[in-house]
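Topology and contacts: notes
Take a look at the letters that make up each chain.
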Amino acid sequence: CSSDLVNQEQVDCLPVKIKDRKLISIIPIPVQIPAQTKRPKSKALGFLGRIHNERGLEEWLKISIELERIQLVDEFVIVGDGIERIWFINEISKIKPSKLSYCGFLNNSDIHMAFSKMSVLLSSAPDETYGLAIREAALSGVPVVARLNNVPERLRSEIPELVFVY
């Protein structure tokens, strides 16, 4: 397995019956995204993906609170679903209840609508396997600020004008 597509923990979890791990391929899900998405006039911070603890939700909230406090964010666009959805939405509502747009799960064909509402996508996941949300956002012209790990680091080298790491 290529180390830039999967982390060591994922490699270790591969079935032991597979003798030659070079035979394993990671194939991304094809998506259809318009070349560029029209940028919103508001300062909207986006979240896209499964809403669960492995996505760094508490860190996302901490960063969001600070960005709102210094008036760099005036709206939140949340796309996705998961076991922490109710808690996450409630916590965001405490920051700016009137400026929360929760879209739920969207199909690939509808994702451009959410991107048109986002000024920037914040990805606080400590680890990424493929980083589909980051890739889709960048392909749509939405700037991405992502926690430093293998996927954002590689994408930063490929599209430095749209992918930033912290």
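Residues numbered from 1 in each chain as written. Predicted model: local features only at pLDDT ≥ 70, side-chain atom pairs only at ≥ 80, totals over all residues. Heavy atoms only, no water.

With parallel pairing, the six strands of this open sheet are ordered in space as E3-E2-E1-E4-E5-E6. Pairing within the sheet leaves two strands with one partner each, and these edge strands are strand E3 (100-104) and strand E6 (163-165). Strand-to-strand twist in this sheet, taken as the mean axis angle between neighbours without regard to direction, amounts to 20°. The sheet contact formed by strand E2 (residues 75-79) and E3 spans four bridges and is parallel. Bridge assignment links Val77 to a residue of E3, and that residue is Ser101. (Pairing = 2+ DSSP bridges. Helix = DSSP H or I, 4+ residues; strand = E, 2+ residues; numbered from the N terminus. Axes fitted to C-alpha atoms, helices over the stretch in contact; angles between N-to-C directions.)

A few words now on the pattern of salt bridges. Counted according to the given criterion, the structure contains six salt bridges. Its salt-bridge partner being Glu128, residue Arg55 comes within 3.2 Å of it at the nearest N-O pair. With a gap of 73 residues between them, Arg55 in the loop between strand E1 (44-48) and helix H2 (57-69) and Glu128 in the loop between strand E4 (120-123) and helix H5 (132-139) connect regions that are remote in the sequence. A single burial state applies to Arg55 and to Glu128, both of which are buried. Across the pair Arg147 and Glu59 runs a salt bridge, and its minimum N-O distance is 3.0 Å. Within this pair, whereas Arg147 is found in the loop between strand E5 (144-146) and helix H6 (150-158), its partner Glu59 is found in helix H2, the two being separated by 88 residues in sequence. The class of Glu59 is partly exposed, set by a relative accessible area of 23%. (Salt bridge = Lys/Arg side-chain N within 4 Å of Asp/Glu carboxyl O. Buried < 20%, exposed > 50% of the residue type's maximum accessible area, 1.4 Å probe, protein only.)

Here we take up the confidence of the model for the chain. When the pLDDT values of the chain are averaged, the result is 83; 76% of them are 70 or greater. Confidence, expressed as mean pLDDT per element, reaches its minimum in the chain at helix H1 (residues 8-12) with 60 and its maximum at E4 with 97. (pLDDT = per-residue confidence, 0-100.)

Within the structure shown, the criterion is met by five aromatic pairs. Judged by centre distance (5.9 Å) and plane angle (90°), the ring pair of Phe47 and Trp60 falls under edge-to-face. Highlighted residues: Phe47 in strand E1 and Trp60 in helix H2, separated in sequence by 13 residues. Side by side, Phe47 and Trp60 carry an identical accessibility label, which is buried. Residues Trp60 and Phe88 carry aromatic rings whose centres are separated by 5.4 Å and whose planes lie at 65° to one another, so their mutual orientation is edge-to-face. Here the residue Trp60 occupies a position in helix H2, and Phe88 occupies one in helix H3 (residues 85-95), the gap between them amounting to 28 residues. When sorted by exposure, Trp60 lands in the same class as Phe88, which is buried. (Phe/Tyr/Trp six-rings, centres within 6.5 Å; stacked < 30°, edge-to-face > 60°.)

Here the focus is the side chain of Glu128. Glu128 sits in the buried class, given a relative accessible area of 7%. Within polar-contact distance, the side chain of Glu128 engages the side chain of Arg55 at 3.2 Å. A distance of 3.2 Å separates the side chain of Glu128 from the side chain of Ser123, its partner in a polar contact. Beyond its immediate sequence surroundings of up to four residues, Glu128 is in contact with Arg55, Ser123, Ile134, Asn149, Asn150, Val151 and Pro152. (Polar contact = N/O pair within 3.5 Å; in protein donor to acceptor, adjacent residues only side chain to side chain. Contact = heavy atoms within 4.5 Å.)

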